[in-house]
Amino acid sequence: MSPVLPHTITDHVSRRTALAGVGTVAAVAAVTPALRRPLDPSWNADVSPSGMNMPTGDLAGWNQVIAEDFDVDFPRGAFVTDQQGALLPSCAAHQTYARRLCAYPEGWKTQNGDGIYSPDRTISTNDSLLDFYLHTDGGLNRAVSAALFPLRPGGADNARTFGRWSWRMRASGVTGAGWGCVSLLWPENSQDWPGSGEADWPEGDISGLVSGWNHPRSPVPAQTLIPGNGALWADWHTYTIEWRQDSLSYFVDGVRTFATSIAVPSTPMRWLTQSGPNDGSLASSTSAHLQIDWVVSYDPA
């Protein structure tokens, strides 16, 4: 059975500024300290493309349930989905990734209708990296991008109540402003939104500085800006969301940048990364690559 996708994902981005613009993120950086990379014995650029190996095994208080390293190479065109987001048996990547990954289907509109999701035109894996090639397709005359989430063992949806997610990501080859990305916890049942709350980390224009947004569940209406501590989208960083029954914490490279215990989401949420044009000002000549080295997920022990 194919995982059920959040059909109202475009609603969540249109109710505010969709993906935070460069100016907003720059304002955050002005009041936050410069990022300091913690010393990490696993840092080894000869081992992992991002310089840090994928964590394996359980953590104190957490059982690892997903460890996706994108370890088999496929070119663009190999990832083709049905209208539920499952990889088609006829596509090249099906045998390897059908029970590991799920993507938003071809033709679904991105935020504000400024582009479409097109997994076969944008998604590839190479050298243990997942790559979204964000560009304007000449044949379609539309901005194309991708949204994707890993599946649990056996091909099950990754939506759960409470958990810990870490992933290593960067933007590469960005030729100008206008492309955005958000990695987020989004309700398994889209009809629960906005009352369910959500966790957007990071979220913004990938030509600039990192920030995000914490959205509490109802009836608390206010969203809170999550500072990125001066991190740039262009650099490799490890992002983490730690969701407990009584708290939500956000980390970049092991440094907690924001935590809250107010109106924490309490219904099943799915982790995913989505990309697309940030607003109507995107130039057709502008392109970018959004890359993820690995994604790991944990359930409470």
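**Some remarks on the overall build of the protein**
Point 1. Assigned secondary structure in the protein consists of four helices and 17 strands.
Point 2. Taken across its 301 residues, the protein has 55% of its residues classed as buried.
Point 3. As displayed, the protein has an accessible area near 12000 Å², and 51% of this comes from carbon and sulfur atoms.

**So, the pairing of strand 6 (residues 142–145)**
Walk down a regular strand and you will see the side chains alternate between the two sheet faces.
Point 1. Here strand 3 (residues 115–117) pairs with strand 6 via three bridges, running parallel. Across the sheet, residue I116 finds its bridge partner in strand 6, namely V144.
Point 2. As paired elements, strand 5 (residues 129–137) and strand 6 share three bridges and run antiparallel to each other. Pairing of H135 across the sheet is with V144, part of strand 6.
Point 3. Linkage of strand 5 to strand 6, two consecutive antiparallel strands, is achieved through a turn of four residues, within which N141 is found at a positive phi near 55°.

**A word on the nonpolar core**
Point 1. Counting residues in hydrophobic clusters, the biggest one holds 50 residues, and the most contacted among them are F79, W167 and W201.
Point 2. If you look at the next biggest cluster of nonpolar residues, it comprises twelve residues, including C102, A147, F149 and W186.

**What to know about the packing of aromatic side chains**
Point 1. Across all of its chains, the model carries 13 aromatic pairs by this definition.
Point 2. Here the aromatic rings of Y104 and Y117 are separated by 5.1 Å at their centres, their planes lie at 90°, and the arrangement is edge-to-face. With Y104 in the loop between strand 2 (101–103) and strand 3 and Y117 in strand 3, this pair connects stretches of sequence that are 13 residues apart.
Point 3. Accessibility expressed as a relative area gives 1% for Y117, which makes it buried.
Point 4. Site record: aromatic cluster; members linked through ring pairs are W165, W167, W201, Y239, Y250, F258 and W271.
Point 5. Across the ring face of F149, the terminal group of R270 is positioned such that the distance to the ring centre comes to 5.0 Å.

**Some thoughts on the environment of G230**
Point 1. Of note, G230 is situated in strand 12 (residues 224–232).
Point 2. Between the alpha carbons of G230 and S211 there is a distance of 8.7 Å; along the sequence they are 19 residues apart.

**What to know about the side chain of D200**
Point 1. Position of D200 relative to the elements: it lies in strand 10 (residues 198–205).
Point 2. Within the structure, D200 has its side chain in polar contact with the side chain of H215 (distance 3.2 Å).

**Observations regarding unusual backbone geometry**
Point 1. The amide bond that connects W193 to the next residue, P194, takes the cis arrangement and shows omega of 10°.
Point 2. Within the secondary structure layout, P194 lies in the loop between strand 9 (179–187) and strand 10.
Point 3. Note that the residue after W201, namely P202, is joined by a cis bond; omega there is -10°.
Point 4. Here P202 is to be found in strand 10.
Point 5. Positive phi, close to 65°, is recorded for S128, a residue that is not glycine.
Point 6. The topology assignment puts S128 in the loop between strand 4 (123–126) and strand 5.

**A short note on the sheet that holds strand 16 (residues 269–277)**
Within a beta sheet, neighbouring strands are joined by backbone hydrogen bonds and run either parallel or antiparallel to one another.
Point 1. Here we have seven strands laid out as an open sheet, ordered 2-7-16-9-10-11-12, and antiparallel in their pairing. A strand with exactly one partner marks an edge of an open sheet, and here the two such strands are strand 2 and strand 12. Averaged over all pairs of adjacent strands, the angle between strand axes in this sheet comes to 20°, irrespective of strand direction.

**Some points on the pattern of salt bridges**
Point 1. Applying the stated rule across the entire model yields ten salt bridges.
Point 2. Residue E68 pairs with R100 through a salt bridge whose shortest N-O separation is 2.7 Å. Of the two residues, E68 sits in strand 1 (residues 62–68) while R100 sits in the loop between helix 3 (94–97) and strand 2, which places them 32 residues apart along the sequence.
Point 3. Exposure remark for E68: the relative accessible area of 4% places this residue in the buried category.

**Some remarks on the environment of L87**
Point 1. Tracing the chain through its elements places L87 in the loop between strand 1 and helix 3.
Point 2. With a relative accessible area of 7%, L87 lands in the buried category.
Point 3. Between the alpha carbons of L87 and C102 there is a distance of 7.0 Å; along the sequence they are 15 residues apart.
Point 4. When sequence neighbours within four positions are dropped, the list of residues in contact with L87 reads F79, V80, T81, A93, H94, Y97 and A98.

**As for the pairing of strand 11 (residues 209–215)**
Point 1. A large share of strand 11 lies buried, amounting to six of its seven residues.
Point 2. Relative to strand 11, strand 10 runs antiparallel, the two being bridged by three bridges. Looking at strand 11, one finds that E198 is bridged to H215.
Point 3. Hairpin connection of strand 10 to strand 11: three residues between the antiparallel strands.

Cut-offs and rules
Throughout, residues of each chain are indexed from 1 in the direction in which the sequence is written. Note on the predicted model: pLDDT of at least 70 is required for a residue's local features to be given, and 80 or more for side-chain atom pairs to be given and counted; whole-chain, interface and lining totals, by contrast, use all residues. Only hydrogens and water are removed before side-chain values are computed, so all heavy atoms of the structure are retained for them. Think of it this way: any DSSP run of H or I at least four residues long counts as a helix, any run of E at least two long counts as a strand, and we number them from the N terminus. Only protein chains enter the area calculation, which uses a 1.4 Å probe; residues under 20% of their type maximum are buried, those over 50% are exposed, and those in between are partly exposed. In this description, accessible areas are obtained by the Shrake-Rupley approach with a 1.4 Å probe, and a residue is regarded as covered only by the protein chains that are shown. Two strands pair under a simple rule: DSSP has to find at least two bridges between them. Grouping buried Ala, Val, Leu, Ile, Met, Phe, Trp, Tyr and Cys residues that are joined through side-chain atoms within 4.5 Å yields what is termed a nonpolar core. A pair of aromatic rings is counted whenever rings of Phe, Tyr or Trp (Trp by its six-membered ring) have centres within 6.5 Å, and the orientation is called stacked for planes under 30 degrees apart, edge-to-face for over 60 and tilted otherwise. In this scheme, Lys NZ or Arg CZ marks a charge over a ring once it lies within 6 Å of the ring centre and within 35 degrees of the ring normal. We call two N or O atoms a polar contact when they sit within 3.5 Å, provided that within protein one can donate a hydrogen and the other can accept it, with sequence-adjacent residues counted only if both atoms are side-chain atoms. The convention used is that axes are lines fitted to C-alpha atoms, helices contributing only their stretch in contact, and that angles between N-to-C directions extend from 0 to 180 degrees. We define a salt bridge as a side-chain nitrogen of Lys or Arg found within 4 Å of a carboxyl oxygen belonging to Asp or Glu. We call two residues in contact when some of their heavy atoms are within 4.5 Å.

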